[in-house]
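# Structural overview for review
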Amino acid sequence: MMKKILFLIIMLLVSVSTHAAAKATELEGSFKLGPAIILICVLVTFVMVGIIFRAKDTSDYYAAGRSISRVGSGMAIASNWMSAASFLGMAALMFGTGYHGLAYVVGWTGGYVLLLILMAGQIRKYGKYTAPDFIGDRFYSKGLRIFGAILAILISIAYCVAQFGGIGIMFKWIMGIDYVYALLIGGGVVLAYTLISGMLGVTKNMQIQYVIIIVSFLIPLFILLFKYDYFWLLPPIGYGSVVSDIVSGISIADSAELFNSYGHHFSIVASPEFAMPWAISSGGTFFQWMAIVFALMIGTAGLPHVIQRFYVVPNSKDARWSVVWGLFFICILYWTAPVYAAFGKILAAHPEVGSLAKDAIVVYTAQLGNIHPLIVGLLAAGAVSAAFSTVSGLLVTGASAFSHDLYVKVINPEATAKKQLMIARLGTILMAIIVAFIAMLELALIAELVALTFSLAGCTIFPLFLLGIWWSGSNKQGAIAGLIAGVLVSVVSISYFIFGKSGIVLPYHQFVEYWLGAWYFAWIGAPLAILVNIIVSKLTKPTPIEIRKFLVEQVHL
């Protein structure tokens, strides 16, 4: 009996492999059986883990029972962080703009250093469940709690839009269906297991997702580097050689035996602008590069779903170590993402390849490199895992703000635990519907949409946490004034972005687009919010003595 089963499995794998090989050069528009099977197995695993570790009470749903280990939390942080923007978006930006796209790598990585130094331990010591919970308590204001919860929900929705877009792109690639249907199917799956899991199940899933993300991301890179005769043992070193070849060019004579999956020679004309800092061809300047780095760094330290990860560990020391582990795990992917952009630049150089969707260049590069379709399918499943891990964390964060900070703390303080869970799940469903609708509009590249979210968080939540933790003189009036300043800058930038996408040109459009770009307006919004907060706090009634005492005795020690 076992021999028959084994024979059937082998025959199925042979059939899948043969079918997949026949579709190897079809970048779009066809159902890919092998990748589909891999994706289904991965999704079933996620749902099963969610069921096993499902939330039994509000502590599990909001903060995973505060029982996650340092390494486990670090893996969850990395998985939660390495969204579709990291897995797909960074390579997409560098494929299109070269050196300019490295600003996203530097900014996002540097943001975790800020978190480690300024906030991780102190956030855990303060002992709240959510970012709005901290804001409301620290600034002794129900109004700020409500506004903080609304901000957390809006930021979670905006961030989710980019992740839903990544899910839609990968489901479209695997299933060969329209983007809208792919988006709805993928979104429905991630919504189902988030509703079941809560933060505990989501965190356990994130640890599994991290392994899938890294393994699926690195294996094709090792194969590509080895196949095209670059140093493959350490991909970042091989990347340097690939970039050098792009800059100097590769002739057909130099690559006589190397081809992409279409049979085109592994060759490219000299493209020095790819590695040129702030090249005109990239559309970016020195100011924009630095503004993006700054905005992404402070935005990282202000994202509600990132901050909430520090509440799932037992104590403040574990919170700091979880950031260290998280940064280590994140860097494994961040050091290697540029390699896909560089290989994509060469493999897609032939005119017959045509114009490729930048957000899918990671998968296209593996296909064009003639890597076995099942491995490409694993890569696509990794991209879905990256998007799922972030979406689930964002949905839980938004639902926590909706249920814990708005419903329980403001509307119905007497709500039972069962009622709270029901409200949280309703909030999750509502968020997912809104996100899916916005994602259908395809407003920008994945990484660009994420950058907008970071700037919004950097202008609003980051100043409140920075001053709320480290300066006891920051009071309710200062917090409100600083928040208003940050929101005004955000509204101006985002309004110009939305109107511009709609074809409506507002006055001073070029000036605002350059100095307050949607991807980096926090470069001015955050310092302005901090300055206003300090000035108003100095001119108004001091912070209550009990809060000052708590900060000194409990948070700063």
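Residues numbered from 1 in each chain as written. Predicted model: local features only at pLDDT ≥ 70, side-chain atom pairs only at ≥ 80, totals over all residues. Heavy atoms only, no water.

## Notes on the overall build of the protein
- Regarding its fold elements, the protein presents 22 helices and 0 strands.
- Split into buried and exposed, the 557 residues of the protein put 58% on the buried side.
- Restricting to contacts in the protein with at least 6 residues of sequence separation, those with at least 24 account for 83%.
- Per element, the accessible surface of the protein, about 21400 Å² overall, is 71% carbon and sulfur. (Helix = DSSP H or I, 4+ residues; strand = E, 2+ residues; numbered from the N terminus. Buried < 20%, exposed > 50% of the residue type's maximum accessible area, 1.4 Å probe, protein only. Contact = heavy atoms within 4.5 Å. Areas by Shrake-Rupley, 256 points an atom, 1.4 Å probe, with all protein chains shown as cover.)

## A look at the confidence of the model for the protein
- This prediction gives the protein a mean pLDDT of 83; 87% of its residues lie at or above 70.
- In the predicted structure, residues 59-67 sits below a pLDDT of 50 and forms 44 contacts with residues beyond four places in sequence or in another chain. (pLDDT = per-residue confidence, 0-100.)

## Describing the packing of aromatic side chains
- If you walk through the whole model with that rule in mind, you get 23 aromatic pairs.
- With a centroid separation of 4.8 Å and 70° between ring planes, the pair formed by Tyr126 and Phe134 is classed as edge-to-face.
- Measuring from centroid to centroid gives 5.0 Å for Tyr514 and Trp515, while their planes differ by 85°, and the two rings are edge-to-face.
- Judged by relative accessible area, Trp515 falls into the partly exposed class, the value being 35%.
- Positioned above the aromatic ring of Phe139 is the side chain of Arg138, whose terminal nitrogen or guanidinium carbon lies 4.8 Å from the ring centre.
- Sitting over the ring of Phe95, Lys345 keeps its end group 5.7 Å from the ring centre. (Phe/Tyr/Trp six-rings, centres within 6.5 Å; stacked < 30°, edge-to-face > 60°. Lys NZ or Arg CZ within 6 Å of the ring centre and 35° of its normal.)

## Some words on the side chain of Thr460
- Within the secondary structure, Thr460 sits in helix 18 (residues 446-470).
- Polar side-chain contacts of Thr460 include one of 2.7 Å to the backbone oxygen of Leu456.
- Ignoring anything within four residues of it in the chain, the contact list for Thr460 reads Leu151, Ile155, Leu483, Gly486 and Val487. (Polar contact = N/O pair within 3.5 Å; in protein donor to acceptor, adjacent residues only side chain to side chain.)

## Describing the packing of helix 5 (residues 84-97) against helix 16 (residues 373-411)
- Following both chains from N to C, one finds helix 5 and helix 16 inclined at 120°, their axes separated by 7 Å at the closest point. Classified by the angle between their axes, helix 5 and helix 16 sit oblique to one another. Across from Ala84, Phe87 and Leu88 in helix 5, the residues of helix 16 making contact are Leu379, Gly382, Ala383, Ala386 and Ala387.
- Of the residues contributing to the contact of helix 5 with helix 16, the split by class is 7 nonpolar, 1 polar and no charged. (Axes fitted to C-alpha atoms, helices over the stretch in contact; angles between N-to-C directions. Parallel < 35°, antiparallel > 145°, perpendicular 65-115°, else oblique. Nonpolar A, V, L, I, M, F, W, Y, C, P; charged D, E, K, R; others polar.)

## Side note on helix 18
- Compared with the 36 Å implied by 1.5 Å per residue over 25 residues, the 34 Å span of helix 18 between its first and last C-alpha is a close match.
- Most pronounced at Gly458, the bend in helix 18 amounts to some 45°.
- Counting buried positions along helix 18 yields 24 of 25 residues, so the element is predominantly enclosed. (Expected span 1.5 Å × (residues − 1). Bend = angle between axes of the 7 residues up to and from the residue.)

## Description of the pattern of salt bridges
- Tallying each qualifying case throughout the model produces 1 salt bridge.
- Put simply, Arg145 and Asp133 hold a salt bridge, and the shortest N to O gap is 2.6 Å. Of this pair, Arg145 sits in helix 8 (residues 142-175) while Asp133 sits in helix 7 (residues 131-138), and the two are 12 residues apart along the sequence. (Salt bridge = Lys/Arg side-chain N within 4 Å of Asp/Glu carboxyl O.)

## Describing unusual backbone geometry
- Located in the positive-phi region is Asp229, a residue other than glycine, with phi close to 65°.
- Its place among the elements puts Asp229 in the loop between helix 9 (179-227) and helix 10 (235-248).
- In this structure, Glu442 takes a positive phi of about 50° despite not being glycine.
- Along the chain, Glu442 turns up in the loop between helix 17 (417-439) and helix 18.

## Some thoughts on a nonpolar patch on the surface
- Together, Phe226, Phe231, Trp232, Leu233, Leu234 and Ile237 make up an exposed nonpolar region whose accessible area comes to about 630 Å².
- Examined against the element boundaries, Phe231 turns out to sit in the loop between helix 9 and helix 10.
- On the basis of relative accessible area, Phe231 is assigned to the partly exposed category, the value being 42%. (Patch = residues over 30% accessible without salt bridge, like charges linked within 9 Å, V, L, I, M, F, W, Y side chains within 5 Å.)

## A word on the packing of helix 8 against helix 16
- It is at 8 Å that the axes of helix 8 and helix 16 come closest, and there the two elements cross at 160°. As summarised for this structure, helix 8 and helix 16 are arranged roughly antiparallel, according to the angle between their axes. Helix 8 and helix 16 meet at a crossing whose hand is left-handed.
- Classifying every residue of the contact of helix 8 with helix 16 gives 25 nonpolar, 5 polar and 4 charged. (Left-handed = near helix turned anticlockwise from the far one by under 90°.)

## Focus: helix 5
- For helix 5, spanning 14 residues, the distance from its first C-alpha to its last is 18 Å, which sits close to the expected 20 Å at 1.5 Å a residue.
- Of all 14 residues in helix 5, 12 are buried, a share of seventy percent or more.
- For helix 5, the set of buried residues is Ala84, Ala85, Ser86, Phe87, Leu88, Gly89, Met90, Ala91, Ala92, Leu93, Met94 and Phe95.
- The backbone nitrogen of Ala85 has a side-chain oxygen 3.1 Å away, supplied by the residue at the start of helix 5, namely Ser83.
- Taken from the residues just after helix 5, Gly98 is the one with a positive phi, measuring 70°.

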